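Remarks on the overall topology
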Amino acid sequence: MSTHAQLERQLRACGQDHLADSLGSNPALADQLAGIDLASLAALIEKHVRRPDQPTLATDLAPVECFSTVTTPGRQVFDPAAVARIGDRLIRAGKLAAFTVAGGQGTRLGFDGPKGFFPAGAVTGKPLFAFFADALLGAGDRFGLVAPWYVMTSTRNHQQTVAFFKEHNYFGLDPADLFLFPQGEMPSLDIRSGRILLAEPGRIATNPDGHGGSLRALHRSGALADMIARGIEHISYFQVDNPIVRVIDPVFLGLHVGEHSSAEMSSKMVPKAFPDERLGVFCQTQGRTQVIEYTDLPDSLAHESLPDGSLRFSAGSIAVHLIGVEFVQRLNTDPDFQLPWHRAEKIVPCVDPDTGSRLNPFAPNAVKLEQFVFDALPLARRSIVLETSRQDEFAPIKNATGIDSAESSQRIQTARAADWLEAAGVAIPRTADGTPDCVIELSPRTASKPEHLAAIDLPDAIAPGQHIAL
Ligand code: UTP
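Residues numbered from 1 in each chain as written. Predicted model: local features only at pLDDT ≥ 70, side-chain atom pairs only at ≥ 80, totals over all residues. Heavy atoms only, no water.

So, on to the site of the ligand. Taken together, 18 residues lie around the ligand, and V101, G103, Q105, T107 and Q183 are the ones closest in. Here G103 contributes a backbone N or O atom positioned 2.8 Å from an oxygen atom of the ligand. At 2.8 Å, a side-chain N or O of K398 approaches an oxygen atom of the ligand. Taken by itself the ligand offers 560 Å² of open surface, and the protein chains cover 91% of this. When its residues are assigned to classes, the shell around the ligand shows five nonpolar, nine polar and four charged. (Near = heavy atom within 4 Å. Polar contact = N/O pair within 3.5 Å; in protein donor to acceptor, adjacent residues only side chain to side chain. Areas by Shrake-Rupley, 256 points an atom, 1.4 Å probe, with all protein chains shown as cover. Nonpolar A, V, L, I, M, F, W, Y, C, P; charged D, E, K, R; others polar.)

So, on to the sheet that holds strand β17 (residues 342-346). Overall, antiparallel pairing links the three strands, which are arranged β8-β20-β17 in an open sheet. Both edges of this open sheet fall to β8 (189-190) and β17, since each of them pairs with a single strand only. Note: β17 against strand β20 (residues 366-370), five bridges, orientation antiparallel. Pairing of H342 across the sheet is with E370, part of β20. Along the sheet face, helix α4 (residues 41-50) touches β8, β17 and β20 and points at about 120° away from the line of β20. (Pairing = 2+ DSSP bridges. Helix = DSSP H or I, 4+ residues; strand = E, 2+ residues; numbered from the N terminus. Contact = heavy atoms within 4.5 Å. Axes fitted to C-alpha atoms, helices over the stretch in contact; angles between N-to-C directions.)

A positive phi angle, near 55°, is found at Y170, a position not held by glycine. For Y170, the location among the structural elements is in the loop between α7 (158-167) and β6 (178-182). We classify Y170 as partly exposed; its relative accessible area is 21%. Its identity as a non-glycine residue notwithstanding, A263 has a phi of 60°, on the positive side. Inspection of the secondary structure assignment puts A263 in the loop between α10 (250-256) and β13 (265-271). (Buried < 20%, exposed > 50% of the residue type's maximum accessible area, 1.4 Å probe, protein only.)

Spatial relationships are all this shows, so hold off on functional conclusions.
Right, here's the structure in full:
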């Protein structure tokens, strides 16, 4: 059978007659469909579009045990200095790479451009990507070696991102230590029929396949092979939206490779601020760690509290992981490896396949299928979770306004810098309620932990209303 006839048959078998009918007149369509796994599409449409069901939760679901650098009841305490020495050695030996997932569509933020370009610096207005570069350069100053940086983009923002790095002179990094690659795509499906939507006549609408797609994309792109060639053993995974993420963290790395872990996939968490906070929650089932998305956690569990009033399921995921290179290799060589797909309803402008007219829907018309990276956690044999301080490491920019916006992120950045500076002896102006009466942008090149400030020339005081970048 010719390739064309085979493709046509596959399309009809998964309910895509509208595409099969136009194959002859659209040779480019065949190219676009080449990257899509049509063999499994019929089952995905049935499961996620035609008969979407509520995810079932394990009956033995229990809160996860966490390590902590603060002595919180119920959390496992450990010796951070001893663990940091182990991580420190691995970083100095060049065993750690940084990895940013930056392929998302950033619809909630509504910023005109890839999210990594977003001006997150309260004083300098520097983009998110510059924060991570500064974190790598700062760690380079401290550990004597700059870790290579892998950035996952999407097909729609890849060229733009490559150009942005070049325009900014790679933010001071050596371009030989940067590896940018696009993630996989999934077809966007009509919410009622499951038909693949058309973005233009003869061109299907697609969406990036989720941050979980990174585990395959690392392999497919050659990034994993590049890591292996460099002797990298562990990957510091983080999202593009958190300017204060601790990109290189010896304590976390030391725990990740330590006796309690399989060094396959580890995570950081912060206690949830309130029951309905939109954070996935770390849980345990059958001895394995997993994250339940906030949308999938029943109200009864989200609100369940312990005798001391704290939440029973409180370990909120901040999407910071350490992932073993061997683990990613193992997953990619396992023929049965497949992360689950999650369904999201979206508005996708498209053309009517029957009339060719443009449709600009106001309500969700599409199902987007995505994989989540944390679904790889149960595949790890033993996986540790480290509690960290929210103010020190988590100030995400997801929304245009309100919670998790640029404004809230910059407020957290100033509060964190003010506390660290005050501890280092700098007088901070504060309003009656204790809020810093100034705006401080602290570069991760200067400090990613309070103790790094000891090595820096600091002002004696910051003036009320002052805007200062350090
Ligand atoms: P979000 O869940 O915040 O999604 O991604 P998003 O697409 O960026 O934003 P919204 O939901 O449309 O507003 C969390 C992280 O995962 C990355 C994002 O770039 C961000 O760093 N991501 C998400 C990918 O790299 N690829 C994806 O397909 C989805």
